[in-house]
Amino acid sequence: MKPPPFGYHAPASLGEALDALAAAPGGKVLAGGQSLIPLLNMRLAAPSDLVDINRVAELDTLHVRDDGVRVGALARHARVERSAAAAAVQPLLGQALRHVAHPVIRNRGTVVGSLAHADPAAEMPAVLAVLGGTVEAASARGRRTIPAADFFLGPLESALDPGELAVAAFFPAAPPRTGTAFAETARRHGDYALSGVAAVVSLDEDLRVGDARAGYLGIAGTPLVLDLTEAAGHHGDWAAAAAHVRERIDPEPDIHAGAAYRRHLTGVLTERALNAAAADALRKAED
């Protein structure tokens, strides 16, 4: 199929990109295009204009700091996945990115583009949400920072206003004695997950569980984050935490899996991911 007609803009600077978006509030931003192009070809999206930001070099950045990782709008999945510096500061990024589609998709798709697309079945929204990260948006009117908790409004719906461009995302660093893990199950390798879990476990000075939380993909209209600290207890009863999750979630059935199966699967993945994250936290505490 062919996409509907649209105006095409190829800005060479961020200012030019923002001007183009301001002049075409019904336009869409093209970065990796791994989600947008199929939508256009199937005529599920019909923007008036496409603003291709691939020539905006100032957006092709990956800054690793002590407090976290700032990913620019043109940083490809593969670049972030393979960054040893990023993994040292926030390992959940690489752990989750390895599950994104196939290598050819990760070589072109962008982390920030995945966030802006706001697909609740995608890995990056769940990671940003469970870490309490932020998205930096820019427009001709100025800039603002949007917390992950406020960014995802519904399936394929973000808090970006018309004319706004997501220029970066910030993933906070893992605190001391904190471990992370990611687990998902898909019908075929590279498919969207039937359910997925991004887990974060922090230990206190006595090496007891001080904080346990998980971010979920594929089971709600937006990334779901659950605090599982109380359910797991200080000694990390991950089976109890998984049972708590099964009671809390209400997944929708579809042609790939029924609600009961998704609920059961999510509990299994929760226990598995929390156990791995706790083991990771203990290793770091003992190093």
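In this report, we go over the structure that sits alongside the text. (Residues numbered from 1 in each chain as written. Predicted model: local features only at pLDDT ≥ 70, side-chain atom pairs only at ≥ 80, totals over all residues. Heavy atoms only, no water.)

Along its length, the chain carries 12 helices and 14 strands. In terms of overall size, the chain behaves like a compact globule, its C-alpha atoms giving a radius of gyration of 19 Å where 287 residues would be expected to give roughly 19 Å. Across the 287 residues of the chain, 51% fall into the buried class. When contacts within the chain are restricted to residue pairs at least 6 apart in sequence, those whose partners lie at least 24 apart make up 61%. On the chain, roughly 12,900 Å² of surface is accessible, and the fraction owed to carbon and sulfur atoms is 52%. (Helix = DSSP H or I, 4+ residues; strand = E, 2+ residues; numbered from the N terminus. Rg over C-alpha atoms; globule rule 2.2 N^0.38 Å. Buried < 20%, exposed > 50% of the residue type's maximum accessible area, 1.4 Å probe, protein only. Contact = heavy atoms within 4.5 Å. Areas by Shrake-Rupley, 256 points an atom, 1.4 Å probe, with all protein chains shown as cover.)

We now examine the nonpolar core. Counting residues in each nonpolar core, the largest one holds 54 residues, and the members touching the most others are Ile53, Leu59, Val71, Leu115 and Phe171. When neighbours within four sequence positions are excluded, Val71 is seen to be in contact with Thr61, Leu62, Val80, Val111, Val112, Val167, Ala168, Ala169 and Phe171. Of all hydrophobic cores here, the second largest spans 27 residues; its members include Leu203, Leu226, Ile249 and Leu274. (Core = buried A, V, L, I, M, F, W, Y, C linked by side-chain atoms within 4.5 Å.)

This next bit is on the sheet that holds strand S1 (residues 7-9). Strand order in the open sheet formed by 3 strands is S1-S3-S2, with parallel pairing between adjacent strands. In the strand order of this sheet, the two ends are held by S1 and strand S2 (28-30), each with one partner. Across the sheet, the axes of successive neighbouring strands diverge by a mean angle of 25 degrees, strand direction being ignored. The pairing of S1 with strand S3 (residues 49-52) spans 3 bridges and is classified as parallel. Bridging from a neighbouring strand, Gly7 pairs with Asp49 of S3. (Pairing = 2+ DSSP bridges. Axes fitted to C-alpha atoms, helices over the stretch in contact; angles between N-to-C directions.)

Our next topic: the pattern of salt bridges. Applying the stated rule across the entire model yields 15 salt bridges. Its salt-bridge partner being Arg106, residue Glu81 comes within 3.0 Å of it at the nearest N-O pair. You can see Glu81 sitting in helix H3 (residues 77-81) and its partner Arg106 sitting in helix H6 (residues 103-108), a full 25 residues away along the chain. Under the relative-accessibility criterion, Arg106 is labelled buried at 9%. The closest approach of N and O atoms between Arg144 and Glu164, which form a salt bridge, is 2.8 Å. Here Glu164 lies in the loop between strand S9 (157-158) and strand S10 (165-172) and Arg144 lies in strand S7 (residues 142-147), a separation of 20 residues in the sequence. A residue is classified by how much of its surface remains accessible, and Glu164, at 9% relative accessible area, is buried. When salt bridges with common partners are traced through the structure, they connect Arg70, Glu136 and Arg143 into a single cluster. (Salt bridge = Lys/Arg side-chain N within 4 Å of Asp/Glu carboxyl O.)

Keep in mind these numbers describe shape, not what the thing actually does.
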